[in-house]
Amino acid sequence: YLAGLDHGRAGERLFRLDRVEGTLTTTGPAAAFARPGGMQSAPPPPWRMGEEPEQLAVLLVDADQAVWARHELGDDAVREERPDGSVVFEVAVTNGAAFRSFVIGYLEHAEILGPPELRGDLVAHLAGMAGRRA
């Protein structure tokens, strides 16, 4: 991804480099402009880099990994802090496969509670990896 200021839309945009057609060229000397204030420096997380209809995933992360998940997802995603230390997050997802990969990274410490489509996708993926049908 390339972050840049789109003068036509008067705002910051992220451009996927694999979608750029033609040759990229640079003009002018290095550091010829000042970066506008307030621009984001990092692309969104992978589960937001898709064109699928947005789904709100509900993710339960157990106490052993809750601090790390909070770091990755942010405080705004916290929906419930349970007495056992586990945390329920609500995550906007537009790339289901990327979210599935994120959840798999937590191994047995995370569970997709909803929506059923995201949970079912994870179950089917894991069953396929295990060599059986869900």
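Residues numbered from 1 in each chain as written. Predicted model: local features only at pLDDT ≥ 70, side-chain atom pairs only at ≥ 80, totals over all residues. Heavy atoms only, no water.

### With respect to the environment of Ala57
1) Next: The residue Ala57 is located in strand S3 (residues 55-61) in this model.
2) Next: For the pair Ala57 and Glu117, spaced 60 residues apart in the sequence, the C-alpha separation amounts to 9.7 Å.
3) Next: Sequence-distant contacts of Ala57, defined by excluding residues within four places in its chain, comprise Phe89, Glu90, Val91, Val93, Phe99, Gly114, Pro115 and Leu118. (Helix = DSSP H or I, 4+ residues; strand = E, 2+ residues; numbered from the N terminus. Contact = heavy atoms within 4.5 Å.)

### Details of helix H3 (residues 116-130)
Given 3.6 residues per turn, any residue in an α-helix points the same way as the ones three and four places further on.
1) Next: The terminal C-alpha atoms of H3 lie 21 Å apart, and with 15 residues this matches the ideal 21 Å at 1.5 Å per residue to within 8%.
2) Next: All of the buried residues in H3 are Leu118, Leu122 and Ala127.
3) Next: Buried positions along H3 lie against S3, strand S5 (87-93), helix H2 (96-104) and strand S6 (110-114).
4) Next: Residue Gly131 follows H3 closely and has a positive phi angle near 85 degrees. (Expected span 1.5 Å × (residues − 1). Buried < 20%, exposed > 50% of the residue type's maximum accessible area, 1.4 Å probe, protein only.)

### Quick notes on the sheet that holds S3
1) Next: Strand order in the open sheet formed by 4 strands is S4-S5-S3-S6, and the pairing between neighbours is antiparallel. With partners counted over all chains shown, the strands left at the sheet margins are strand S4 (78-81) and S6, one partner each. Going across the sheet, the axis of each strand differs from the next one's by a mean of 25 degrees, ignoring polarity.
2) Next: Where H2 meets the sheet, it contacts S3, S5 and S6, and its direction lies at approximately 5 degrees from that of S3.
3) Next: Across the sheet, H3 lies against S3, S5 and S6, angled at about 140 degrees from S6, the strand it touches most. (Pairing = 2+ DSSP bridges. Axes fitted to C-alpha atoms, helices over the stretch in contact; angles between N-to-C directions.)

### With respect to the side chain of Asn95
1) Next: Note on placement: Asn95 falls in the loop between S5 and H2.
2) Next: The contacts of Asn95, once residues within four sequence positions are left out, are Pro46, Trp47, Met49, Gly50 and Glu52.

### With respect to the packing of aromatic side chains
1) Next: Tallying each qualifying case throughout the model produces 4 aromatic pairs.
2) Next: Plain terms: the ring middles of Trp47 and Phe99 are 6.5 Å apart, the flat faces sit at 75 degrees to each other, and that makes the pair edge-to-face. Pair noted here: Trp47 is in the loop between strand S2 (11-15) and S3 and Phe99 is in helix H2, with a separation of 52 residues, a long-range link. Grouping residues by exposure puts Trp47 and Phe99 together as buried. (Phe/Tyr/Trp six-rings, centres within 6.5 Å; stacked < 30°, edge-to-face > 60°.)

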